[in-house]
Amino acid sequence: MVSSPRLHVVPVIGLLFAVLLQLSYGQSTASSPAPAPSNDGSAIDQAIAYTLLLVALAITWLVH
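A.B. asks: Help me understand the overall build of the protein chain in this model?
C.D. replies: In terms of regular secondary structure, the protein chain is built from 2 helices and 0 strands. In the protein chain, buried positions account for 2% of the 64 residues. As presented, the protein chain carries roughly 6400 Å² of accessible surface, and 72% of it is formed by carbon and sulfur atoms.

Structure, rendered in structure tokens:
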């Protein structure tokens, strides 16, 4: 009697789902809430830098 490879895949998939289900219970959100977000301007500076980088890349691509 030859076993089908599909019969070996089903338990493996079930085990993966069981592991993922256990990982979802990993940390409680009530024990340590996240601190309030603070804006010190670094996010704005980073956005400006990325915008300038993309503009420079576009100009380089157009000139080339």
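A.B. asks: I'm lost on a nonpolar patch on the surface in this one. Help?
C.D. replies: A cluster of nonpolar side chains, namely Val9, Ile13, Phe17 and Leu20, defines an oily patch on the protein surface of about 400 Å² accessible area. Looking at the element boundaries, Phe17 is found in helix H1 (residues 5-24). Look at Phe17 and you get exposed, because its relative accessible area is 58%.

A.B. asks: Honestly, helix H2 (residues 42-63) in this entry has me stumped. Any pointers?
C.D. replies: An α-helical turn contains 3.6 residues, so any two residues separated by three or four positions project in the same direction. With 22 residues, H2 extends 31 Å between its outermost C-alpha atoms, agreeing within 8% with the 32 Å of an ideal straight helix rising 1.5 Å per residue. With 0 of its 22 residues buried, H2 lies for the most part at the surface.

Cut-off values and rules
- Residues numbered from 1 in each chain as written.
- Predicted model: local features only at pLDDT ≥ 70, side-chain atom pairs only at ≥ 80, totals over all residues.
- Heavy atoms only, no water.
- Helix = DSSP H or I, 4+ residues; strand = E, 2+ residues; numbered from the N terminus.
- Buried < 20%, exposed > 50% of the residue type's maximum accessible area, 1.4 Å probe, protein only.
- Areas by Shrake-Rupley, 256 points an atom, 1.4 Å probe, with all protein chains shown as cover.
- Patch = residues over 30% accessible without salt bridge, like charges linked within 9 Å, V, L, I, M, F, W, Y side chains within 5 Å.
- Salt bridge = Lys/Arg side-chain N within 4 Å of Asp/Glu carboxyl O.
- Expected span 1.5 Å × (residues − 1).

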